[in-house]
Amino acid sequence: LTNLLVATLLIFFAIRITPIGKRFFFFTAALPMFMQQISSLSLDAFHYSSLFLFTAWTLKLSRSEEPFGVKQLSLYTLFSILALHAKTGFIFMILLVFLLPWKKFPSKKIYAAFTVGFAALQFFLFILIRSALSVSDLANKGAINREEQVAYAISHPFDFLAAVGRSINMYFDFYFKNMLGILGWTDASLITLHYVLLMFGILLLVAMKTGEKVSI
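What you see is a predicted model; the values in this text were computed from it and never measured. (Residues numbered from 1 in each chain as written. Predicted model: local features only at pLDDT ≥ 70, side-chain atom pairs only at ≥ 80, totals over all residues. Heavy atoms only, no water.)

1. Details of the environment of Phe26
So, point 1. Mapped onto the secondary structure, Phe26 falls in helix 2 (residues 22-29).
So, point 2. Residues Phe26 and Phe12, spaced 14 residues apart in sequence, show a C-alpha to C-alpha distance of 8.7 Å. (Helix = DSSP H or I, 4+ residues; strand = E, 2+ residues; numbered from the N terminus.)

Shown next as structure tokens:
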């Protein structure tokens, strides 16, 4: 229950502060898979909702009319550490920091120092956490060696792309439905019409012109 309440609160603030895409934020949070995860005991509840708020906060700062202050950027950085590192795998989201306009900083040098320092800090923490948790050792247990798979994909790019193409061709139905949400351990699919309507809803939201006047 606490997991659900905290996640709901973080999503609420994300929708409230984002200057764009309020309907899209809400629609994404209401997808079957998202609803299942934030209603569970999984760490995903806090992690995904934190990523929502981090993204919304970044968008808000990118549209801000006022110059950035030390306190504001410090709070943003501290929260980003929680959002990006609650679980490993979302390190690429550090790139959002480059949405911040350099004109809102006192100078270009300070802008460069903050953005590069922010990215370096997050990458350092990512490596540190992976090392502390021995993520690579856990991933390589059993018959599959993840590191060798990555090395092969890099050294044989065309073979890798061909394998991806075959995978999509064979499992397109599963990938399409799972993107929106196959419940349980991806073994409790909803009816096909449900997924078609969800995809139609996403396309409708993208095409819709709105003044973003959304009440929560």
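2. Structural notes on unusual backbone geometry
So, point 1. One non-glycine residue, Thr186, lies in the positive phi region at around 50 degrees.
So, point 2. Examined against the element boundaries, Thr186 turns out to sit in helix 10 (residues 183-186).

3. Structural notes on helix 4 (residues 44-62)
So, point 1. For helix 4, built from 19 residues, the straight-helix expectation of 27 Å at 1.5 Å per residue is met to within 8% by its first-to-last C-alpha distance of 26 Å.
So, point 2. Within helix 4, 15 of the 19 residues are buried, which leaves the element mostly enclosed by the surrounding structure. (Expected span 1.5 Å × (residues − 1). Buried < 20%, exposed > 50% of the residue type's maximum accessible area, 1.4 Å probe, protein only.)

4. What about the nonpolar core?
So, point 1. Among the nonpolar cores identified, the biggest contains 36 residues, and Phe54, Tyr76, Leu100 and Phe114 are the most heavily contacted of them.
So, point 2. Of all the secondary structure elements, the ones that give two or more residues to this core are helix 1 (2-17), helix 2, helix 3 (32-38), helix 4, helix 5 (70-85) and helix 6 (108-133).
So, point 3. For this core, the element with the most residues is helix 4, which contributes nine residues.
So, point 4. Apart from the residues within four sequence positions on either side, Phe114 is in contact with Leu73, Tyr76, Thr77, Val97, Leu100 and Phe105.
So, point 5. Of all hydrophobic cores here, the second largest spans six residues; its members include Leu180, Ile182, Tyr195 and Ile202. (Core = buried A, V, L, I, M, F, W, Y, C linked by side-chain atoms within 4.5 Å. Contact = heavy atoms within 4.5 Å.)

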